[in-house]
Amino acid sequence: MIKFNGDSIFGEAPARLTIGPAGDMVVPNSRLSPFSPGSQAVGPLELTLKVVGRLVVDTDAELDGYLGYLNSLLTHPPLTATVSDDTGREWTSMSFVRFEPTGPIERGRRVSLGFEATFVRFLTP
């Protein structure tokens, strides 16, 4: 279960959390000047967490309500809070920046929708 600010925002959805790359952002010099070979490091990468899962509810109306709730968390500027998982790991100062359905709504005994969500720890100057 993935929590944001202590709330299980994806419910009991089966989900996997992936930590994004770390290190420096490297840009080819050709992006800055078309005739310059090589690359240069331009600064540290921001921490990103990607959650891939499936929302599972009983009715279409519940799914609509859940999607409305998730969209209400996608504010500008983004909400910033702690993200935690079932193992007790926590990532502080994370912003919920993206929620994306990844396929069609599946209807059977229950209603489900695959999703991908992204959290970012923005660098402060």
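For the structure given in this document, a descriptive report is provided here. Since the model is a prediction, treat every value here as computed from it, not as a measurement. (Residues numbered from 1 in each chain as written. Predicted model: local features only at pLDDT ≥ 70, side-chain atom pairs only at ≥ 80, totals over all residues. Heavy atoms only, no water.)

When helices and strands are tallied, the protein chain shows 2 helices and 9 strands. Going from N to C terminus, the protein chain has its helices and strands arranged as β-β-β-α-β-β-α-β-β-β-β. For 125 residues, the compact-globule estimate of 2.2 N^0.38 gives 14 Å, and the protein chain exceeds it by more than 25% at 18 Å. Considering only C-alpha atoms, the protein chain reaches an extent of 60 × 30 × 25 Å along its principal axes. Split into buried and exposed, the 125 residues of the protein chain put 30% on the buried side. At a minimum sequence separation of 6, the contacts of the protein chain that also span at least 24 residues come to 59%. Here the protein chain displays about 7800 Å² of accessible surface, and carbon together with sulfur accounts for 53% of that area. Measuring between centres, the 11 positive side-chain charges of the protein chain sit 5 Å from its 14 negative side-chain charges. (Helix = DSSP H or I, 4+ residues; strand = E, 2+ residues; numbered from the N terminus. Rg over C-alpha atoms; globule rule 2.2 N^0.38 Å. Buried < 20%, exposed > 50% of the residue type's maximum accessible area, 1.4 Å probe, protein only. Contact = heavy atoms within 4.5 Å. Areas by Shrake-Rupley, 256 points an atom, 1.4 Å probe, with all protein chains shown as cover. Lys, Arg positive; Asp, Glu negative; His and termini not counted. Charge placed at Lys NZ, Arg CZ, Asp CG, Glu CD.)

Attention shifts here to the environment of R107. By secondary structure assignment, the location of R107 is in strand β8 (residues 106–107). In this structure the side chain of R107 is engaged in a polar contact, spanning 3.1 Å, whose partner is the side chain of D60. (Polar contact = N/O pair within 3.5 Å; in protein donor to acceptor, adjacent residues only side chain to side chain.)

Attention now moves to helix α2 (residues 60–73). Under the 1.5 Å per step criterion, the end-to-end length of α2 is 20 Å for 14 residues, consistent within 8% with the ideal 20 Å. If you check which residues of α2 are buried, you get L63, Y66, L67, L70 and L73. Buried residues along α2 cover an arc of 115 degrees about the axis, so they all sit on one side. Opposite the buried face of α2, by more than 90 degrees, sit the exposed residues A61 and D64. Its buried side turned inward, α2 meets β5 (47–57), β7 (90–101) and β9 (111–121). (Expected span 1.5 Å × (residues − 1). Arc of directions from axis to C-beta.)

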